[in-house]
Amino acid sequence: MGTPRDRAWGVASPADAVQVVQRRLAGPPAPAFAGGRHLVQAKAPAARLLPPMPQGGGRVRVAAASEGRTIGSAMVHTGGVAARVTDLGVDAPYRDRGIGVQLLASAAQAGFRAGSHKLVLEAQDSGSGRLTRWYRDLGFRQVGVDGHGQPRLEIPIARLMGKGGQGR
């Protein structure tokens, strides 16, 4: 049934939280695109989350793999009220399939287990604003900018994990 801390956050266990996020936030399959006169559906093999890998120094790597190779990952820096997410990326053929959301859910789980209450990150947006909008659609809010002018965003872990069914 999870620990008292898990129940206080509104989930039975951190593993259940990943399932909540996967169900509530996973995006549609890869988008269709116009290829000449025909509509072509981009296809990529199925992906799965790998177990979090401690890297030492309060860092945990979360990753997704397909066909034996890593297709997305993020680094989680734990050790405080906020867990910091860096280097989040998903290979192009696997984007728009909810893998980034699953990686964030795994990062939230790692932060939660380390005692953090929120996730923070900097959106390394190319200037289009698309990445920042994606984070905001997930429930992150901007709390400032980093030294390079990139948006600094945060979200309570409980919200990302779907506390009380209210997460996005």
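The following refers to the structure shown. All of these numbers come straight from a predicted model, not from anything done at the bench.

## Overview of the nonpolar core
Phase 1: Ranked by size, the top nonpolar core spans 29 residues in total, and within it Leu104, Leu119 and Phe140 carry the most contacts.
Phase 2: Looking at this core, the elements that each hand over two or more residues are strand S5 (59-66), strand S6 (69-77), strand S7 (82-90), helix H3 (99-113), strand S8 (118-122), helix H4 (130-138), strand S10 (151-156) and helix H5 (157-160).
Phase 3: With eight residues, the single largest contributor to this core is H3.
Phase 4: Beyond its immediate chain neighbours, meaning those up to four positions away, Leu119 contacts Ala83, Val85, Leu104, Ala107, Ala108, Phe140, Leu153, Glu154, Ile155, Ile157 and Leu160.

## Here's the deal with H3
Helical geometry note: an α-helix holds 3.6 residues per turn, so side chains three or four residues apart project in the same direction.
Phase 1: Over its 15 residues, H3 runs 21 Å from end to end, which matches the ideal 21 Å to within 8%, given 1.5 Å per residue.
Phase 2: Where H3 terminates, the next one or two residues include Gly115, which has phi positive at roughly 95 degrees.

## Focus: the pattern of salt bridges
Phase 1: This structure, assessed with the given rule, holds six salt bridges.
Phase 2: Where Lys118 meets Glu154, a salt bridge forms, and the shortest distance between an N and an O atom there is 3.3 Å. Taken together, the residues span a long stretch of sequence, with Lys118 in strand S8 and Glu154 in strand S10 at a distance of 36 residues.
Phase 3: A relative accessible area of 28% places Lys118 in the partly exposed class.
Phase 4: Across the pair Arg152 and Glu122 runs a salt bridge whose closest N-O atoms are separated by 2.8 Å.

The rules behind these values
Residues numbered from 1 in each chain as written. Predicted model: local features only at pLDDT ≥ 70, side-chain atom pairs only at ≥ 80, totals over all residues. Heavy atoms only, no water. Core = buried A, V, L, I, M, F, W, Y, C linked by side-chain atoms within 4.5 Å. Buried < 20%, exposed > 50% of the residue type's maximum accessible area, 1.4 Å probe, protein only. Helix = DSSP H or I, 4+ residues; strand = E, 2+ residues; numbered from the N terminus. Contact = heavy atoms within 4.5 Å. Expected span 1.5 Å × (residues − 1). Salt bridge = Lys/Arg side-chain N within 4 Å of Asp/Glu carboxyl O.

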